[in-house]
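Observations on the three-dimensional arrangement
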Amino acid sequence: MTDMTKDQWTKCHHYLLEGLASSMINQDKDTSKVFAWFITKKFFLSLDKSIRENITDIWPSFICNCHKRQKVFCSNKIAINIEMNTFRPDLPEIFWKININYIFDDRVNNKENNQIHEYLQNLSGKIHFPNNKSISSVDAKNLFMEHNNLSLVCKSPFKSRGFRQKKHKVIEQPSIQLYCKRKGLIPVGENHFPRTLNGLQTDVLEGSPHFLLQLKIGNQVGTDEFKMGTLGVFVQVRGDKAFLTCLHVFLSADELASDNISLDDEKTVPVKLYKKDKTSHVCGKIREIAFEVDNEKETSIDAALVEIPADSIDNSNYVDVENGQVSFKDIGMKSEYLNSSCVDYKPLLYSIPKPILRTVSVGAVSGCFDGNKAQVEANEEKCIDLEPIDKIYSRSVLDEIKRNVNIVINHLQLIPIAVLPDDNIIKTSIQQSCDRNLSSEIKNIIIDVIKNIYPTIHCTSEVDIDNFILCKTNSRFSAIVGDVHMQHAFLKETGKNMAIKRTSRRVYNQLYISNIPFKPGDSGTCIYVLSPVQGCIGMAIADHPQGGCIATPIMDILKHFKIRIK
């Protein structure tokens, strides 16, 4: 068969497909495997070289839709699965009547996994299993050898049920989770996953483990609330690794207004890293906090110490920048940790003439800034708004509305509607295309916006929501954009669970560093000096009325947390 021409293959490839189907019907695992891999190899060689270069794995499978696992093959439906590191529009969808499935990056995000993840995130305490059941290395090794589609084996206090029957629920039942690259696709020649393992039921889920991206200076961090800030600097704390940012990033207005700020010592306070692709994951936990303000005899401290895993820092890829890699040396640090790279602000503040500084700052919102015009002054603005909470919350709400308006409009354009959509049609579209947890207030505003702008929309693939909204002054949404008073009224209606309050506190012994960009969300940004000295001088907590930022001297922050300065 090796000398056959392309035309000959075109005429006789159906014999191979018939042989494969027959061997599967006869439950002949070995013969089926030979046929399936022969066809898969033919498909691989038929691909353009530029496509083959981006393939990381390829494997034939049969499609399982059964609940019985007595047979080797429960169907004769074949698919070829290709794992790739990039998407291309010219990828073939079928070969010899066999469907081709593509797996890109394998970061699966489905409702079943999301619901289980939510349960695990809210879980407190240890996972308890009957009779101390565990997964031995021998068990795991045998599973991986028998199942090439298997990517992760782990214990779980929960089990997923009824997902395929659209009766999904997560129950509290100890189980062994078996994660696979694609659920329902079993490599040809392999058996179904076992129903039980070491006396516990198994729970088959979709997904693969990935090494977490390294933490970087300038990353956006926070909680799932409405505020986010900036990862400012890494420190060593009595053998542990941590980073510094502002405490007000994690607290609400009411909490900041309290006279006795504290966190619940019985619970871990997780901190999340927010990536540019809108995904997030827990990157650490709050270890210590400080919010010392309103005392003119001391340096005001607004800081949180967040403990992180030991292997979270990449020395050569140290700063969050768009292009290229920046090491800790490039921003004037002696090592990746601040302990040995602090700059005393006093010589820079009191020298005559006052030196001009070359600085680097990396804000989560402002981005990386390298400037040579900064100077250090004593901050005269004592009373500052540590966080304009209403603006940040309204901005996040507006972004959410715009995103959902776009989704609904694109959904409506796929529906053959003879007339302009009314409230009921729009409500139905929202239910079908948007997150089911949207509040009724948000839904009403989405309806209001779409009714105003839909008549002016031509059927285009991209909808410029901002342009339409800003042109429509009679919409509540446009009023929110253009009028701060309407923002307040809107927030009272929409944020029923949110206390809107601007928090003003007096801060003392702070620095004013000129010519440093600062925007909401940059709180926690550290200012690194490259000349005339090198190291970190302070952490930005707010913007300054004259431009630049108000920063807390970094040495004072370390002294407050009793971190040794080398």
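Here the structure is shown first, and the text comes after it.
Let us look at the structure shown here. (Residues numbered from 1 in each chain as written. Predicted model: local features only at pLDDT ≥ 70, side-chain atom pairs only at ≥ 80, totals over all residues. Heavy atoms only, no water.)

Here we take up the overall build of the protein. Scanning the protein from terminus to terminus reveals 14 helices and 25 strands. Evaluated residue by residue, the protein yields a buried proportion of 47% over its 566 residues. By sequence separation, contacts in the protein at least 24 residues apart represent 65% of the contacts at least 6 residues apart. For the protein, the exposed area adds up to about 30400 Å²; of that, 49% sits on carbon and sulfur atoms. (Helix = DSSP H or I, 4+ residues; strand = E, 2+ residues; numbered from the N terminus. Buried < 20%, exposed > 50% of the residue type's maximum accessible area, 1.4 Å probe, protein only. Contact = heavy atoms within 4.5 Å. Areas by Shrake-Rupley, 256 points an atom, 1.4 Å probe, with all protein chains shown as cover.)

Another aspect to go through is the packing of helix α1 (residues 6–25) against helix α2 (residues 29–46). Contact geometry of α1 with α2 gives a least axis separation of 8 Å together with a crossing angle of 150°. Classified by the angle between their axes, α1 and α2 sit roughly antiparallel to one another. The two elements α1 and α2 cross, and the hand of that crossing is left-handed. Residues Trp9, Leu16, Leu17, Gly19, Leu20, Ser23 and Met24 of α1 touch α2, and the partners they reach there are Thr31, Ser32, Phe35, Ala36, Phe38, Ile39 and Lys42. Residue composition of the contact of α1 with α2, grouped by class: nine nonpolar, four polar and one charged. (Axes fitted to C-alpha atoms, helices over the stretch in contact; angles between N-to-C directions. Parallel < 35°, antiparallel > 145°, perpendicular 65-115°, else oblique. Left-handed = near helix turned anticlockwise from the far one by under 90°. Nonpolar A, V, L, I, M, F, W, Y, C, P; charged D, E, K, R; others polar.)

In this section: unusual backbone geometry. For the peptide bond that leads from Ile352 to Pro353, omega is -5°, which places it in the cis range. Take Pro353: it is sitting in the loop between α7 (346–350) and β17 (357–363). A cis geometry characterises the amide bond from Ser531 onward to Pro532, with omega recorded as 10°. Position of Pro532 among the secondary structure elements: in the loop between β23 (526–531) and β24 (535–543). Despite not being glycine, Asn515 has its phi angle at roughly 55°, a positive value. Examined against the element boundaries, Asn515 turns out to sit in the loop between β22 (511–513) and β23. For Lys562, which is not glycine, the phi dihedral falls at a positive 60°.

Here we take up α1. Compared with the 28 Å implied by 1.5 Å per residue over 20 residues, the 29 Å span of α1 between its first and last C-alpha is a close match. Along its length, α1 reaches its greatest deviation from straightness, about 50°, at Cys12. When α1 is considered as a whole, its buried residues turn out to be Trp9, Cys12, His13, Leu16, Leu17, Gly19, Leu20, Ser23 and Met24. Tucked inside the fold, the buried residues of α1 contact α2, β1 (55–63), β2 (78–84) and β4 (98–104). Immediately beyond the C-terminal end of α1, within one or two residues, lies Gln27, with a positive phi of roughly 60°. (Expected span 1.5 Å × (residues − 1). Bend = angle between axes of the 7 residues up to and from the residue.)

Another point: the packing of aromatic side chains. Under the criterion given, the structure shown has five aromatic pairs. Taking 5.1 Å as the distance between ring centres and 70° as the angle between the ring planes, the aromatic pair formed by Phe62 and Phe73 counts as edge-to-face. With Phe62 in strand β1 and Phe73 in the loop between β1 and β2, this residue pair connects regions lying 11 residues apart in the sequence. We classify Phe62 as buried; its relative accessible area is 0%. The buried category is assigned to Phe73, whose relative accessible area is 3%. Judged by centre distance (6.1 Å) and plane angle (75°), the rings of Tyr318 and Phe328 are edge-to-face. Here Phe328 lies in the loop between β16 (301–308) and α7 and Tyr318 lies in the loop between β16 and α7, a separation of 10 residues in the sequence. Taken together, the ring pairs in this structure connect Phe43, Phe95 and Trp96 into an aromatic cluster. (Phe/Tyr/Trp six-rings, centres within 6.5 Å; stacked < 30°, edge-to-face > 60°.)

Take the environment of Asp370 next. Position of Asp370 relative to the elements: it lies in strand β18 (residues 367–374). What makes Asp370 partly exposed here is its relative accessible area of 45%. A sequence separation of 39 residues divides Asp370 from Ile331, and the C-alpha atoms of the two residues are 9.3 Å apart. Setting aside its immediate chain neighbours within four residues, Asp370 contacts Arg358, Thr359 and Val360.

Our focus in this paragraph is the nonpolar core. Core analysis: the largest hydrophobic core is formed by 57 residues, its most contacted members being Phe234, Phe243, Leu244, Leu338 and Ile554. In terms of residues, this core owes the most to one element, β16, which gives six residues. Aside from chain neighbours lying at most four places away, what touches Leu338 is Val233, Phe234, Val235, Leu244, Met333, Cys536, Ile554 and Leu558. Counting 29 residues, the second largest nonpolar core, distinct from the first, contains Trp9, Ile78, Ile98 and Ile186. (Core = buried A, V, L, I, M, F, W, Y, C linked by side-chain atoms within 4.5 Å.)

Sheet architecture is open: five strands sit in the order β3-β4-β2-β1-β7, paired in mixed fashion. Edge positions in the sheet fall to β3 (94–95) and β7 (185–187), since each has one partner strand and no second. Relative to β7, β1 is paired through three bridges, and the arrangement is antiparallel. Paired with Ile63 across the strands is Leu185, a residue of β7. Running over the sheet, α2 touches β1, β2, β3 and β4 and is turned about 140° from β1. (Pairing = 2+ DSSP bridges.)

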